[in-house]
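Descriptive structure summary
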Amino acid sequence: MRHIPVLIEHIREIFVPLRSCSNAVFIDCTLGLGGHSREILELCRGITLIGIDKDSNAIALARENLADFSDRIEILHANFAQGFAQALELARSQNKRVVGVLADIGVSSLQLDDMSRGFSFISDRLDMRMDTRQAQSASSIIAEYSQYALEEILRNYGQIPESKKMARLIKEFANTYPRDGGFYNAQSLSEFISKHFSKHRPHSKLHAATLAFQALRIEVNNELGVLRALLDSIEQASSADLRGAIVGIISFHSLEDRLVKERFKHFARACICPSDAIRCTCGANHSKGTILTKKPLVANPKEVCANPRSRSAKLRAFALQ
C-alpha cells in the first residue's frame, strides 16, 4: 500500500540527537503503516521501537512494511494513551530507557482510502471507528444522540457556526427515515450537508461536510480525550522512565494543536504558583524540560504538492530533562 508519512524531514531534525543512543527504546504511539517508525529505526540503529496502534488492519500491514526490522520492534494493540503505559512497563522490564516518543494524531491513509471504514465523503458506510472492536460509530451517534448533544459535538469539535441548524436538520431527517437507513451512509450525509450548507461557505476550499465529519470522528474515537490522557501520562511518568527523552506530537487541527501547545508550556513552567501570587513560594524548580519548537513545524510547499494531506500537519516537540 502506498503510504507517505508526513513531516519526515522535520521528524529527522527533531530526533537526530538520538542517533548515537544504544540499549534504548523509542515509542511510536501511532504506528499506522509504519512510515515514521521506519525512519526512526533507520536513523537510530542502536534502539528498539515499540509501536502502538488500535487498528488491527494497520498493525498487520505495519508488520509487513517493517519486516526488515522485526528483531528491533514490538507492537501493542491499544489506543496510544493505554499503550503508552504498557510501553513504559515493557521498557522497564527490558532495563532500557525511553529516549523518544512520537504521536501522529490524525487519520491514517489506510483509514481514509478504505471505503469500508466510512471516513470518506463517498463511502457507502458511516462508521469512522479507528478501532473496529468498539461499539459506537458515527451512525450510532446520529441515531442515538439527542439533537442538543449532536449540536454540542458540531459546535465544540467542528467549530461550525450553524451547528444548531445542522443538528436539527440531521436529526429531523434521521428520525423521519429510520427504516431507510437515515445517515448510515457517509455519502448521503455529505450530500445532505452540501445541499443545505454549501451556500454558507461560498469561498471556502473545504468540502461543506468537512467540519461535520471531523466533529463526528473526534467524538467516535474520543480523540481529544485520548490525547489528554497521553499528555497526562507523559507528565506523570517518573523521571527515571523518560529522563532526557524527546517528545514529538503531530496534530492536524487547531483543537489538538492548541491542547499540545498549552500542555508543553505547562511542562516548561518552572514556577507553578497562582498567577495572582505576590511572590514565588513554590521554589521555581518544577520545569520538566524545554520546548524545542517555538512555533509548530509545518510541511514545505514541495511536500504539500507531493502529499496534500500534509498541508494541515503541525509538529511540536519537547525535550524532557
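The structure we're discussing is the one just above.
Please read all numbers here as calculations on a predicted model, not as lab measurements.

Basis of the calculations
Residues numbered from 1 in each chain as written. Predicted model: local features only at pLDDT ≥ 70, side-chain atom pairs only at ≥ 80, totals over all residues. Heavy atoms only, no water. Phe/Tyr/Trp six-rings, centres within 6.5 Å; stacked < 30°, edge-to-face > 60°. Helix = DSSP H or I, 4+ residues; strand = E, 2+ residues; numbered from the N terminus. Buried < 20%, exposed > 50% of the residue type's maximum accessible area, 1.4 Å probe, protein only. Pairing = 2+ DSSP bridges. Salt bridge = Lys/Arg side-chain N within 4 Å of Asp/Glu carboxyl O. Lys, Arg positive; Asp, Glu negative; His and termini not counted. Contact = heavy atoms within 4.5 Å. Core = buried A, V, L, I, M, F, W, Y, C linked by side-chain atoms within 4.5 Å. Axes fitted to C-alpha atoms, helices over the stretch in contact; angles between N-to-C directions. Parallel < 35°, antiparallel > 145°, perpendicular 65-115°, else oblique. Left-handed = near helix turned anticlockwise from the far one by under 90°. Expected span 1.5 Å × (residues − 1). Arc of directions from axis to C-beta.

1. Examining the packing of aromatic side chains
Throughout the structure, instances matching the rule amount to 6 aromatic pairs. Between phenylalanine 121 and phenylalanine 213, the ring centres sit 4.9 Å apart and the planes meet at 70°, which makes this aromatic pair edge-to-face. In this pair, phenylalanine 121 is assigned in the loop between helix H5 (109–113) and helix H6 (138–144) and phenylalanine 213 in helix H10 (residues 210–221), connecting sequence segments 92 residues apart. Between phenylalanine 173 and phenylalanine 192, the ring centres sit 5.2 Å apart and the planes meet at 50°, which makes this aromatic pair tilted. One end of the pair, phenylalanine 173, is in helix H8 (residues 163–176); the other, phenylalanine 192, is in helix H9 (residues 186–197), and 19 residues separate them in sequence. Given the relative accessible area of 27%, phenylalanine 173 is considered partly exposed. Using a relative accessible area of 12% as the deciding quantity, one classes phenylalanine 192 as buried.

2. Digging into the pairing of strand S1 (residues 24–28)
Within S1, 5 of the 5 residues are buried, which leaves it mostly tucked inside the rest of the structure. Side chains of S1 alternate between two faces, with Ala24, Phe26 and Asp28 and Val25 and Ile27 buried alike. Relative to strand S4 (residues 97–105), S1 is paired through 5 bridges, and the arrangement is parallel. Paired with alanine 24 across the two strands is arginine 97, which belongs to S4.

3. Quick look at the pattern of salt bridges
Close approach of charged atoms allows side chains of opposite charge to pair. Per the stated rule, a full pass over the model turns up 16 salt bridges. The closest approach of N and O atoms between aspartate 241 and arginine 92, which form a salt bridge, is 2.9 Å. Here arginine 92 lies in helix H4 (residues 80–93) and aspartate 241 lies in helix H12 (residues 239–242), a separation of 149 residues in the sequence. Between glutamate 235 and arginine 263 there is a salt bridge, and its shortest N-O distance comes to 3.6 Å. In this pair, glutamate 235 sits in helix H11 (residues 223–236) while arginine 263 sits in helix H13 (residues 254–268), placing the two residues 28 residues apart along the sequence. The structure contains a network of salt bridges with shared partners spanning Glu9, Arg12 and Glu39.

4. Comments concerning the side chain of aspartate 28
As for its placement among the helices and strands, aspartate 28 is situated in strand S1. Comment: no salt bridge for buried aspartate 28; closest opposite-charge side chain is arginine 38, at 11 Å. The contact partners of aspartate 28, leaving out residues within four places of it in the chain, are His36, Ser37, Leu49, Ile50, Gly51, Ile52 and Leu102.

5. Some remarks on the pairing of strand S8 (residues 314–320)
For S8, a buried count of 5 out of 7 residues is recorded, marking the element as mostly surrounded by other parts of the structure. Sheet topology note: the strand S5 (residues 246–251)/S8 ladder contains 6 bridges and is antiparallel. Paired with isoleucine 250 across the bridge in S8 is leucine 315. In this structure, strand S6 (residues 289–291) lies alongside S8, joined through 3 bridges in antiparallel fashion. Note on S8: the bridge partner recorded for glycine 289 is leucine 320.

6. Topic: the nonpolar core
The biggest cluster of nonpolar side chains holds 33 residues, and the ones touching the most others in it are Ile27, Phe84, Leu242 and Ile249. Elements with a minimum of two residues in this core: S1, strand S2 (47–53), H4, S4, H11, S5, H13 and S8. For this core, the element with the highest residue contribution is H4, accounting for 7 residues. In this view, isoleucine 249 contacts Ala103, Ile105, Leu227, Leu231, Val260, Phe264, Lys314, Leu315 and Arg316; residues no more than four positions away in its chain are not counted.

7. Looking at the packing of H11 against H13
What describes two packed helices is the angle between their axes and the distance between those same axes. Where H11 contacts H13, the two axes come as close as 11 Å, and the packing angle between them is 15°. Classed by the angle they form, the pair H11 and H13 counts as roughly parallel. Handedness of the H11/H13 crossing: right-handed. In contact with Glu223, Leu224, Leu227, Arg228, Leu231, Asp232, Ile234 and Glu235 of H11, H13 contributes Leu255, Glu256, Leu259, Val260, Arg263, Phe264, His266 and Phe267.

8. Concerning H10
The first and last C-alpha atoms of H10 sit 17 Å apart over 12 residues, in line with the 16 Å expected at 1.5 Å per residue. Counting buried residues along H10, 11 of its 12 residues qualify, which places the element largely inside the surrounding structure. Elements that come into contact with the buried residues of H10 comprise H6, helix H7 (147–158), H8, H9 and H11. Asparagine 222 lies just past H10 and shows a positive phi near 50°.

9. Topic: helix H1 (residues 8–15)
Taken together, the buried positions of H1 are Ile8, His10, Ile11, Ile14 and Phe15. Along H1, the residues classed as buried sweep out an arc of 160° about the axis, all on the same side. With respect to the buried face of H1, the exposed residues turned more than 90 degrees away are Glu9 and Glu13.

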